[in-house]
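Spelled out, the chains give:
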Amino acid sequence: MRDRTPVRTRRRAALALLCACALSAAVPASADVRAPGPSLVDPATPSGVQPLGADGGRAAAQALVFSDEFDGATVSTARWTARDQERSGAAAGDRWWYKPADVRTDNKGALAIDVKQLAPNQYSGGRIDSQGKFDYTHGTLEARVHTPAKTNGHLAAVWLQADAGLTPGGAVDGTARDGAEIDVTETNYQADKYSATLHWDGYGADHQSSGTVANAPGLHGTWYHTFGLKWTPTQMQFLYDGTVVRTVNDPKLISQVKEFPILSHEVLDNWADGSVHDEVFDWNSTMYVDYIRVWQ
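Residues numbered from 1 in each chain as written. Predicted model: local features only at pLDDT ≥ 70, side-chain atom pairs only at ≥ 80, totals over all residues. Heavy atoms only, no water.

Draft legend 1. Representation of the overall build of the protein within the structure. A tally of helices and strands in the protein yields 1 helix and 18 strands. Put simply, the protein has 296 residues, and 56% of those count as buried. Of the roughly 11,200 Å² of accessible surface on the protein, 53% is carried by carbon and sulfur atoms. (Helix = DSSP H or I, 4+ residues; strand = E, 2+ residues; numbered from the N terminus. Buried < 20%, exposed > 50% of the residue type's maximum accessible area, 1.4 Å probe, protein only. Areas by Shrake-Rupley, 256 points an atom, 1.4 Å probe, with all protein chains shown as cover.)

Draft legend 2. Region of the structure containing the packing of aromatic side chains. On inspection of all chains with the given rule, the structure shows 12 aromatic pairs. Centroid distance Phe-66 to Phe-134: 4.5 Å. Interplanar angle 15°. Geometry classified as stacked. Note that Phe-66 is positioned in strand S1 (residues 64-68) and Phe-134 in the loop between strand S8 (122-129) and strand S9 (139-146), a separation of 68 residues in sequence. Comparing Phe-66 with Phe-134 shows no difference in burial state: the two are buried. With a centroid separation of 5.9 Å and an interplanar angle of 35°, the aromatic rings of Trp-223 and Trp-283 are classed as tilted. One end of the pair, Trp-223, is in the loop between strand S13 (208-215) and strand S14 (225-231); the other, Trp-283, is in the loop between strand S17 (259-267) and strand S18 (287-295), with 60 residues separating them in the sequence. The rings of Phe-66, Phe-70, Trp-80, Phe-134, Tyr-136 and Trp-231 are connected pair by pair, giving a single aromatic cluster. For Lys-193, the ring lying beneath its charged end belongs to Tyr-189, and the centroid distance is 4.6 Å. (Phe/Tyr/Trp six-rings, centres within 6.5 Å; stacked < 30°, edge-to-face > 60°. Lys NZ or Arg CZ within 6 Å of the ring centre and 35° of its normal.)

Draft legend 3. Fine view of the pattern of salt bridges. Taken as a whole and assessed by the stated rule, the structure comprises 10 salt bridges. Residue Asp-114 pairs with Arg-104 through a salt bridge whose shortest N-O separation is 2.8 Å. Taken together, the residues Asp-114 in the loop between strand S6 (111-113) and strand S7 (116-119) and Arg-104 in strand S5 (residues 103-105) connect sequence positions 10 residues apart. It is possible to trace a salt-bridge network through shared partners that takes in Arg-83, Arg-127 and Asp-129. (Salt bridge = Lys/Arg side-chain N within 4 Å of Asp/Glu carboxyl O.)

Draft legend 4. Geometry of the nonpolar core. Among the nonpolar cores identified, the biggest contains 43 residues, and Leu-111, Met-236 and Leu-263 are the most heavily contacted of them. Core analysis: the next-biggest nonpolar cluster, separate from the first, contains 15 residues, Trp-96, Tyr-98, Val-115 and Leu-268 among them. (Core = buried A, V, L, I, M, F, W, Y, C linked by side-chain atoms within 4.5 Å.)

Draft legend 5. Region of the structure containing the side chain of Thr-151. Tracing the chain through its elements places Thr-151 in the loop between S9 and strand S10 (154-162). Look at Thr-151 and you get buried, because its relative accessible area is 1%. Here the side chain of Thr-151 touches Thr-187 through a polar contact of 3.3 Å, landing on its backbone oxygen. Every residue in contact with Thr-151, bar those within four places of it in the chain, is listed here: Thr-187, Asn-188, Tyr-189, Gln-190, His-220, Ala-272, Asp-273 and Gly-274. (Polar contact = N/O pair within 3.5 Å; in protein donor to acceptor, adjacent residues only side chain to side chain. Contact = heavy atoms within 4.5 Å.)

Draft legend 6. Structural detail: the environment of Phe-238. Structurally, Phe-238 is set in strand S15 (residues 236-240). Among the residues examined, Phe-238 registers a relative accessible area of 0% and is labelled buried. For the pair Phe-238 and Thr-185, spaced 53 residues apart in the sequence, the C-alpha separation amounts to 8.8 Å.

Draft legend 7. Region of interest: the side chain of Ser-285. Its location among the elements puts Ser-285 in the loop between S17 and S18. Classification of Ser-285 as buried rests on a relative accessible area of 1%. Looking at Ser-285, its side chain comes within polar contact range of the main-chain oxygen of Asp-282, at 2.7 Å. If near-sequence neighbours (up to four positions away) are discounted, Ser-285 is found in contact with Val-115, Pro-148, His-154, His-265 and Glu-279.

Draft legend 8. View of the pairing of S10. Where burial is concerned, most of S10 is hidden: 9 out of the 9 residues are buried. In S10, alternate side chains face the same way, and those of His-154, Ala-156, Val-158, Leu-160 and Ala-162 on one face and Leu-155, Ala-157, Trp-159 and Gln-161 on the other are all buried. Summarising the sheet, S10 and S17 pair through 9 bridges and their orientation is antiparallel. Within S17, the residue paired with Leu-160 across the bridge is Pro-261. The pairing of S10 with strand S11 (residues 181-186) spans 5 bridges and is classified as antiparallel. When the sheet's bridge partners are listed, Ala-157 is paired in S11 with Glu-186. (Pairing = 2+ DSSP bridges.)

Written as C-alpha coordinates, this is what we have:
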(Lines give C-alpha, C1' and ligand atoms only; values in the text may rest on other atoms or scores of the structure.)
Protein backbone atom coordinates (compact mmCIF):
# COMPACT_ATOMS: atom_id res chain seq x y z
CA MET A 1 0.00 0.00 0.00
CA ARG A 2 1.21 3.45 -0.79
CA ASP A 3 2.27 5.77 2.05
CA ARG A 4 -0.69 8.06 2.43
CA THR A 5 -0.15 11.59 3.71
CA PRO A 6 -2.43 14.05 5.51
CA VAL A 7 -3.26 15.84 2.27
CA ARG A 8 -5.84 13.16 1.66
CA THR A 9 -8.96 14.47 3.33
CA ARG A 10 -10.24 11.63 5.62
CA ARG A 11 -10.38 10.88 9.07
CA ARG A 12 -9.47 5.50 30.11
CA ALA A 13 -11.09 7.61 36.50
CA ALA A 14 -10.85 4.84 38.72
CA LEU A 15 -9.49 1.34 38.29
CA ALA A 16 -12.89 -0.16 39.04
CA LEU A 17 -14.42 1.85 36.24
CA LEU A 18 -11.81 0.74 33.79
CA CYS A 19 -12.39 -2.87 34.76
CA ALA A 20 -16.09 -2.39 34.12
CA CYS A 21 -15.39 -0.77 30.77
CA ALA A 22 -13.40 -3.76 29.66
CA LEU A 23 -15.83 -6.36 31.03
CA SER A 24 -17.11 -8.66 28.35
CA ALA A 25 -14.60 -7.28 25.88
CA ALA A 26 -13.73 -10.76 24.68
CA VAL A 27 -16.32 -12.67 22.74
CA PRO A 28 -16.48 -16.43 23.45
CA ALA A 29 -13.83 -18.12 21.39
CA SER A 30 -14.70 -19.93 18.22
CA ALA A 31 -13.90 -23.61 18.08
CA ASP A 32 -12.33 -23.14 14.66
CA VAL A 33 -9.40 -20.71 14.69
CA ARG A 34 -7.79 -20.70 11.30
CA ALA A 35 -4.08 -20.31 10.81
CA PRO A 36 -2.88 -17.31 8.82
CA GLY A 37 -3.36 -17.89 5.12
CA PRO A 38 -3.06 -15.96 1.90
CA SER A 39 -6.51 -14.39 2.28
CA LEU A 40 -5.42 -12.67 5.49
CA VAL A 41 -2.65 -10.69 3.80
CA ASP A 42 -4.18 -7.90 1.78
CA PRO A 43 -2.96 -8.04 -1.84
CA ALA A 44 -2.86 -4.22 -1.73
CA THR A 45 -0.12 -4.23 0.92
CA PRO A 46 3.19 -3.29 -0.75
CA SER A 47 5.39 -6.28 -1.37
CA GLY A 48 8.22 -6.56 1.14
CA VAL A 49 7.02 -3.70 3.36
CA GLN A 50 8.42 -3.78 6.91
CA PRO A 51 7.37 -2.15 10.21
CA LEU A 52 8.88 1.10 11.42
CA GLY A 53 12.03 0.60 13.49
CA ALA A 54 12.86 2.41 16.73
CA ASP A 55 14.70 5.10 14.72
CA GLY A 56 11.76 5.75 12.43
CA GLY A 57 13.35 3.73 9.66
CA ARG A 58 12.25 0.32 8.55
CA ALA A 59 13.07 -2.66 10.78
CA ALA A 60 14.84 -5.89 9.91
CA ALA A 61 12.95 -8.19 7.60
CA GLN A 62 10.01 -10.13 9.04
CA ALA A 63 7.29 -12.12 7.31
CA LEU A 64 3.96 -10.39 6.83
CA VAL A 65 1.19 -12.68 8.15
CA PHE A 66 -1.84 -10.35 8.33
CA SER A 67 -2.74 -7.00 6.82
CA ASP A 68 -5.62 -4.82 5.72
CA GLU A 69 -5.25 -1.62 3.71
CA PHE A 70 -9.02 -0.97 3.75
CA ASP A 71 -9.06 -0.07 0.06
CA GLY A 72 -12.24 -1.96 -0.71
CA ALA A 73 -15.82 -0.76 -0.74
CA THR A 74 -16.65 -2.86 2.33
CA VAL A 75 -14.82 -4.21 5.37
CA SER A 76 -13.38 -7.70 4.78
CA THR A 77 -15.43 -10.37 6.52
CA ALA A 78 -12.59 -12.84 5.90
CA ARG A 79 -10.45 -10.85 8.35
CA TRP A 80 -12.93 -9.08 10.64
CA THR A 81 -16.17 -9.36 12.59
CA ALA A 82 -18.06 -6.17 13.46
CA ARG A 83 -19.58 -6.48 16.94
CA ASP A 84 -23.09 -5.58 18.10
CA GLN A 85 -22.82 -5.31 21.88
CA GLU A 86 -23.89 -3.01 24.72
CA ARG A 87 -20.89 -1.70 26.63
CA SER A 88 -20.16 0.07 29.93
CA GLY A 89 -18.11 3.16 30.75
CA ALA A 90 -20.55 5.88 29.74
CA ALA A 91 -21.46 8.73 32.06
CA ALA A 92 -24.15 8.22 34.69
CA GLY A 93 -27.52 8.02 32.98
CA ASP A 94 -26.03 7.26 29.57
CA ARG A 95 -25.80 4.01 27.61
CA TRP A 96 -23.69 3.01 24.61
CA TRP A 97 -23.17 0.14 22.20
CA TYR A 98 -20.83 -1.21 19.55
CA LYS A 99 -22.88 -1.06 16.36
CA PRO A 100 -21.90 -2.63 13.02
CA ALA A 101 -23.53 0.30 11.24
CA ASP A 102 -20.77 2.54 12.62
CA VAL A 103 -18.06 0.54 10.82
CA ARG A 104 -17.36 1.22 7.15
CA THR A 105 -14.71 2.06 4.63
CA ASP A 106 -14.61 5.65 3.42
CA ASN A 107 -13.99 4.65 -0.23
CA LYS A 108 -10.75 6.63 -0.06
CA GLY A 109 -8.57 3.87 1.36
CA ALA A 110 -9.39 3.92 5.07
CA LEU A 111 -11.48 2.15 7.66
CA ALA A 112 -13.86 4.59 9.30
CA ILE A 113 -15.46 3.94 12.71
CA ASP A 114 -18.04 6.55 13.60
CA VAL A 115 -19.53 7.64 16.89
CA LYS A 116 -23.20 8.54 16.90
CA GLN A 117 -26.04 9.67 19.10
CA LEU A 118 -28.87 7.16 18.84
CA ALA A 119 -31.33 8.91 21.17
CA PRO A 120 -31.08 11.24 24.16
CA ASN A 121 -28.33 9.83 26.43
CA GLN A 122 -27.74 6.87 24.08
CA TYR A 123 -24.63 6.60 21.92
CA SER A 124 -22.80 4.15 19.70
CA GLY A 125 -19.26 3.45 18.58
CA GLY A 126 -17.85 0.48 16.73
CA ARG A 127 -15.48 -2.46 16.89
CA ILE A 128 -13.99 -4.95 14.49
CA ASP A 129 -11.82 -7.86 15.62
CA SER A 130 -10.25 -10.93 14.08
CA GLN A 131 -11.28 -13.47 16.73
CA GLY A 132 -11.71 -16.89 15.14
CA LYS A 133 -10.06 -15.62 11.94
CA PHE A 134 -6.54 -14.54 12.92
CA ASP A 135 -4.50 -14.57 16.12
CA TYR A 136 -0.79 -14.77 16.83
CA THR A 137 1.85 -15.15 19.55
CA HIS A 138 4.85 -12.79 19.31
CA GLY A 139 5.50 -10.53 16.37
CA THR A 140 5.16 -6.89 15.35
CA LEU A 141 1.86 -5.05 14.92
CA GLU A 142 1.60 -1.65 13.28
CA ALA A 143 -1.50 0.45 12.65
CA ARG A 144 -1.69 3.89 11.04
CA VAL A 145 -4.56 5.71 12.72
CA HIS A 146 -6.29 9.07 12.77
CA THR A 147 -7.69 9.75 16.20
CA PRO A 148 -10.87 11.86 16.47
CA ALA A 149 -9.97 15.53 16.13
CA LYS A 150 -10.98 16.27 19.72
CA THR A 151 -11.44 13.79 22.57
CA ASN A 152 -14.99 14.39 23.68
CA GLY A 153 -15.64 11.41 25.94
CA HIS A 154 -14.80 8.95 23.16
CA LEU A 155 -11.49 7.55 21.92
CA ALA A 156 -9.70 5.50 19.29
CA ALA A 157 -8.26 2.17 20.42
CA VAL A 158 -5.89 -0.42 18.93
CA TRP A 159 -5.57 -3.48 21.16
CA LEU A 160 -5.09 -7.21 21.48
CA GLN A 161 -7.14 -9.70 23.47
CA ALA A 162 -6.31 -13.29 24.42
CA ASP A 163 -8.55 -15.66 22.53
CA ALA A 164 -9.10 -17.81 25.64
CA GLY A 165 -9.66 -14.73 27.84
CA LEU A 166 -7.58 -13.43 30.75
CA THR A 167 -8.34 -16.33 33.11
CA PRO A 168 -8.29 -19.41 30.89
CA GLY A 169 -10.06 -22.29 32.55
CA GLY A 170 -11.00 -19.96 35.41
CA ALA A 171 -7.41 -19.93 36.68
CA VAL A 172 -5.90 -16.77 38.22
CA ASP A 173 -2.12 -17.11 38.20
CA GLY A 174 -1.07 -13.54 39.06
CA THR A 175 0.59 -12.96 35.70
CA ALA A 176 -0.23 -11.93 32.15
CA ARG A 177 1.57 -14.93 30.73
CA ASP A 178 -1.65 -16.88 30.23
CA GLY A 179 -3.34 -13.99 28.43
CA ALA A 180 -3.66 -10.22 28.60
CA GLU A 181 -5.54 -7.30 27.20
CA ILE A 182 -2.79 -5.34 25.48
CA ASP A 183 -3.82 -1.75 24.78
CA VAL A 184 -1.43 -0.52 22.13
CA THR A 185 -3.19 2.84 22.23
CA GLU A 186 -6.26 4.43 23.81
CA THR A 187 -6.45 8.10 22.86
CA ASN A 188 -8.23 9.23 26.01
CA TYR A 189 -6.66 12.69 26.38
CA GLN A 190 -7.38 16.01 24.70
CA ALA A 191 -3.66 16.78 24.99
CA ASP A 192 -1.15 15.03 22.73
CA LYS A 193 -0.70 11.89 24.83
CA TYR A 194 -2.38 8.50 25.16
CA SER A 195 -2.58 5.39 27.37
CA ALA A 196 -0.66 2.16 26.69
CA THR A 197 -1.85 -0.43 29.19
CA LEU A 198 -1.79 -4.12 30.08
CA HIS A 199 -4.65 -5.89 31.90
CA TRP A 200 -4.56 -9.44 33.23
CA ASP A 201 -6.29 -11.89 35.63
CA GLY A 202 -9.75 -10.98 34.45
CA TYR A 203 -11.90 -7.92 35.00
CA GLY A 204 -13.23 -8.70 38.50
CA ALA A 205 -11.72 -8.74 41.98
CA ASP A 206 -8.47 -10.31 40.74
CA HIS A 207 -7.89 -7.77 37.97
CA GLN A 208 -4.42 -6.27 37.67
CA SER A 209 -3.06 -3.67 35.28
CA SER A 210 0.10 -1.81 34.36
CA GLY A 211 -0.03 1.36 32.29
CA THR A 212 1.96 4.24 30.88
CA VAL A 213 0.86 7.63 29.55
CA ALA A 214 2.84 8.14 26.37
CA ASN A 215 3.70 11.57 24.98
CA ALA A 216 2.51 11.80 21.38
CA PRO A 217 3.67 14.95 19.54
CA GLY A 218 1.18 16.06 16.93
CA LEU A 219 -1.40 13.45 17.87
CA HIS A 220 -4.35 15.76 17.36
CA GLY A 221 -2.74 18.14 14.89
CA THR A 222 -1.46 15.77 12.20
CA TRP A 223 -3.86 13.47 10.43
CA TYR A 224 -2.16 10.05 10.66
CA HIS A 225 0.21 8.46 13.18
CA THR A 226 1.53 4.92 13.54
CA PHE A 227 1.05 2.90 16.73
CA GLY A 228 3.17 -0.21 17.06
CA LEU A 229 3.82 -3.19 19.29
CA LYS A 230 6.99 -5.29 19.11
CA TRP A 231 6.25 -8.42 21.11
CA THR A 232 8.82 -11.15 21.80
CA PRO A 233 8.89 -13.91 24.45
CA THR A 234 11.01 -11.65 26.70
CA GLN A 235 10.05 -8.06 25.85
CA MET A 236 7.28 -5.77 24.65
CA GLN A 237 7.95 -2.40 23.07
CA PHE A 238 5.16 0.10 22.37
CA LEU A 239 5.93 2.59 19.61
CA TYR A 240 4.54 5.92 18.40
CA ASP A 241 5.64 6.97 14.94
CA GLY A 242 8.62 4.65 15.26
CA THR A 243 9.68 5.95 18.70
CA VAL A 244 9.61 3.55 21.64
CA VAL A 245 7.31 5.02 24.31
CA ARG A 246 7.13 2.03 26.63
CA THR A 247 9.26 -1.07 27.20
CA VAL A 248 8.11 -4.06 29.28
CA ASN A 249 10.77 -6.56 30.40
CA ASP A 250 9.03 -8.12 33.42
CA PRO A 251 8.38 -11.74 32.37
CA LYS A 252 5.21 -11.79 34.46
CA LEU A 253 3.68 -9.11 32.21
CA ILE A 254 4.39 -10.64 28.82
CA SER A 255 1.67 -12.78 27.29
CA GLN A 256 2.81 -16.12 25.90
CA VAL A 257 -0.48 -17.09 24.28
CA LYS A 258 -2.35 -16.26 21.11
CA GLU A 259 -3.93 -12.80 20.94
CA PHE A 260 -6.19 -11.29 18.27
CA PRO A 261 -6.22 -7.67 17.05
CA ILE A 262 -9.07 -5.24 17.72
CA LEU A 263 -9.79 -1.80 16.25
CA SER A 264 -12.48 0.11 18.13
CA HIS A 265 -14.04 3.48 18.81
CA GLU A 266 -15.05 3.64 22.48
CA VAL A 267 -17.51 5.93 24.28
CA LEU A 268 -15.85 6.07 27.73
CA ASP A 269 -17.22 9.35 29.02
CA ASN A 270 -16.34 8.56 32.66
CA TRP A 271 -12.64 8.14 31.81
CA ALA A 272 -11.75 9.96 28.64
CA ASP A 273 -11.35 13.74 28.62
CA GLY A 274 -14.34 15.82 27.63
CA SER A 275 -17.93 14.72 27.22
CA VAL A 276 -19.74 13.02 24.38
CA HIS A 277 -22.60 15.40 25.13
CA ASP A 278 -20.43 18.13 23.57
CA GLU A 279 -19.77 16.22 20.34
CA VAL A 280 -21.09 17.43 17.00
CA PHE A 281 -20.99 13.96 15.33
CA ASP A 282 -19.49 14.90 11.99
CA TRP A 283 -16.39 13.61 10.18
CA ASN A 284 -14.17 15.24 12.83
CA SER A 285 -15.49 12.79 15.41
CA THR A 286 -14.65 9.70 13.32
CA MET A 287 -11.70 7.32 13.85
CA TYR A 288 -9.88 6.40 10.65
CA VAL A 289 -7.41 3.55 10.07
CA ASP A 290 -5.18 3.71 7.02
CA TYR A 291 -3.80 0.21 7.54
CA ILE A 292 -3.04 -2.51 10.08
CA ARG A 293 -0.24 -5.05 9.55
CA VAL A 294 1.27 -7.92 11.55
CA TRP A 295 4.67 -9.51 10.95
CA GLN A 296 6.37 -12.53 12.51
